[in-house]
Amino acid sequence: MKELITSHLRALIAQGSLAIRSQFVAKNDVEESQFWSMDPLGEDTKYSPLKGLVRKYDNRVLWKVSYRCAAHCQFCTRARQVGSKEGDLTGRDVQHGLEYLCSHPEIDDVILSGGDPLFTPRQTLRILNGLAQIETVRVVRIGTRLPIHSPASLKTTLVTRLLKRVREISLEKAVYILLHVNHPDELTPEVQETIKLLEQKSTSVLSQTVFLHGINDNVRVLQRLFNELYYLGVRPYNIYRCDYVRGLERFVCNVQTERHIMTELRRTVSGIALPTYVVDVPGSGKLPVPLEFWDVPDITRCRDFDNNDINL
Ligand SMILES: *Cc1c(COP(=O)(O)O)cnc(C)c1O
Ligand code: SF4
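Structural notes, computed from the coordinates. (Residues numbered from 1 in each chain as written. Chains lettered and ligands numbered in written order. Predicted model: local features only at pLDDT ≥ 70, side-chain atom pairs only at ≥ 80, totals over all residues. Heavy atoms only, no water.)

Helix and strand counts for the protein come out as nine helices and 11 strands. For 312 residues, the compact-globule estimate of 2.2 N^0.38 gives 20 Å, and the C-alpha radius of gyration of the protein, at 19 Å, lies within 12% of that figure. Along the first, second and third principal axes, the C-alpha atoms of the protein reach 50 × 45 × 40 Å. The 312 residues of the protein split such that 54% are buried. Within the protein, contacts between residues at least 6 apart in sequence are counted, and of these 75% link residues at least 24 apart. Accessible surface, the protein: about 14,900 Å² in total, of which carbon and sulfur atoms supply 49%. (Helix = DSSP H or I, 4+ residues; strand = E, 2+ residues; numbered from the N terminus. Rg over C-alpha atoms; globule rule 2.2 N^0.38 Å. Buried < 20%, exposed > 50% of the residue type's maximum accessible area, 1.4 Å probe, protein only. Contact = heavy atoms within 4.5 Å. Areas by Shrake-Rupley, 256 points an atom, 1.4 Å probe, with all protein chains shown as cover.)

Turning our eyes to something else, we now look at the side chain of Thr-6. Relative to the helices and strands, Thr-6 resides in the segment before α1 (7–14). Each residue touching Thr-6, except ones within four places of it in the same chain, is listed here: Ala-70, Ala-71, His-149 and Ser-150.

So, on to the site of ligand 2. If you check the shell around ligand 2, you find Cys-69, Ala-71, Cys-73, Cys-76, Val-82, Gly-115, Arg-145, His-149 and His-180 and nothing else. Looking at the shell around ligand 2, its residues break down into five nonpolar, three polar and one charged. (Near = heavy atom within 4 Å. Nonpolar A, V, L, I, M, F, W, Y, C, P; charged D, E, K, R; others polar.)

By nearness alone, every residue bordering ligand 1 is listed as Val-54, Lys-56, Tyr-57, Arg-60, Leu-62, Ile-111, Arg-141, Tyr-237 and Lys-286. In the environment of ligand 1, an oxygen atom lies 2.8 Å from a nitrogen or oxygen atom belonging to the side chain of Arg-141. Interatomic distance of 2.9 Å between a side-chain N/O atom of Lys-286 and an oxygen atom of ligand 1. Protein contacts shield 88% of the accessible area of ligand 1, which totals 390 Å² for the unbound molecule. (Polar contact = N/O pair within 3.5 Å; in protein donor to acceptor, adjacent residues only side chain to side chain.)

Across the five residues that make up strand β3 (residues 109–113), a large majority, five, are buried. Going residue by residue along β3, you find Asp-109, Ile-111 and Ser-113 tucked away on one face and Val-110 and Leu-112 tucked away on the opposite face as well. The pairing of strand β2 (residues 60–64) with β3 spans five bridges and is classified as parallel. Note on β3: the bridge partner recorded for Val-61 is Val-110. The β-α-β motif built from β2, the intervening helix α3 (residues 91–102) and the parallel element β3 has right-handed crossover chirality. Inspection of the sheet shows β3 paired to strand β4 (residues 139–144) by four bridges, in the parallel sense. Along β4, the bridge assignment pairs Val-110 with Val-140. (Pairing = 2+ DSSP bridges. Right-handed = clockwise from strand over helix to strand, strands pointing away.)

This part is about the sheet that holds strand β8 (residues 276–281). Read from one edge to the other, the open sheet built from nine strands follows the order β1-β2-β3-β4-β5-β6-β7-β8-β9, with strand pairing classed as mixed. Lying at the two open borders of the sheet, with one neighbouring strand each, are β1 (53–54) and β9 (285–288).

A few words now on the pairing of β2. Burial within β2 is extensive, with four of its five residues counted as buried. The pairing of β1 with β2 spans two bridges and is classified as antiparallel. Across the sheet, Val-54 pairs through a bridge with Leu-62, a residue of β2. Where β1 folds back onto β2 in an antiparallel hairpin, the turn is made up of five residues.

Moving on: the environment of His-149. With respect to the helices and strands, the residue His-149 is situated in helix α5 (residues 146–149). Between the C-alpha atoms of His-149 and Ser-7, which are 142 residues apart in sequence, the distance is 8.8 Å. Residues within four places of His-149 in sequence aside, it is in contact with Thr-6, His-8, Leu-9, Phe-24, Ala-70, Ala-71 and Cys-73.

This is the structure:
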């Protein structure tokens, strides 16, 4: 993936943060597995009813607002798309998306994703204004990593206007901000202040995290991360196993190690501060992994929602 790093992140790398460096600095000559796909979750094919939408469940849909982000996370599950213009939606694409939701009243939960919805505030505002009109949509979630990539951007006029609208809509529908954060080095004082602002100016903030080999596959690092989020009033929602995307091999951790870390954290971290450990299984969806309190003969084997056998 093409490297893109904000001045905020560059300063943290210059100050010596290896955790930030390994997440954002591009690496040449990475070893790629021939067996891994660029789109293992079938987002662009099997599960896309129309441009921008990914639908795996009856009641909820993911809407990719664009493929643009302020910085490029080298482990991005959508590495195939991030930074490309191809994800830009025209006014008609947005209209079609809204019509799709109107004609599918069983969809009550819309997840704005991308790309980073807060990085394209005009487009996101347009979509939000449309969603506000659809009564059957009861919940809107907005995934973002902008406060981590560029905290100052949260104070721009356009983002401020967007957050104001989020706050208004949150009086009618449940709205959640889903903040992507992976390491305590990301929570600088400026970022913490920005998260507080986000909570005050908009709505509830939850977080999601990806297990990254050599970066956060460690009890102490995650304990610090989840506690700091908890102290900020952010509820850690999920921690994901890194998807098996070609080119991301170096980031994928050992599944036993991940399970062990989550088991340890159950003791040391408050319940509210502990996210669910989840694997997004190709062809199925997000499945929670049982911790070591239960004996599971082979953790690499599971069954999906349709009772199909899956090998991790
Ligand atoms: C993650 C995801 C969701 C949301 O799943 P939850 O378990 O409700 O958080 C919905 N649709 C798609 C395509 C997803 O990838
Ligand atoms: S912010 Fe999210 S979508 Fe953008 S590059 Fe990072 S992981 Fe990918």
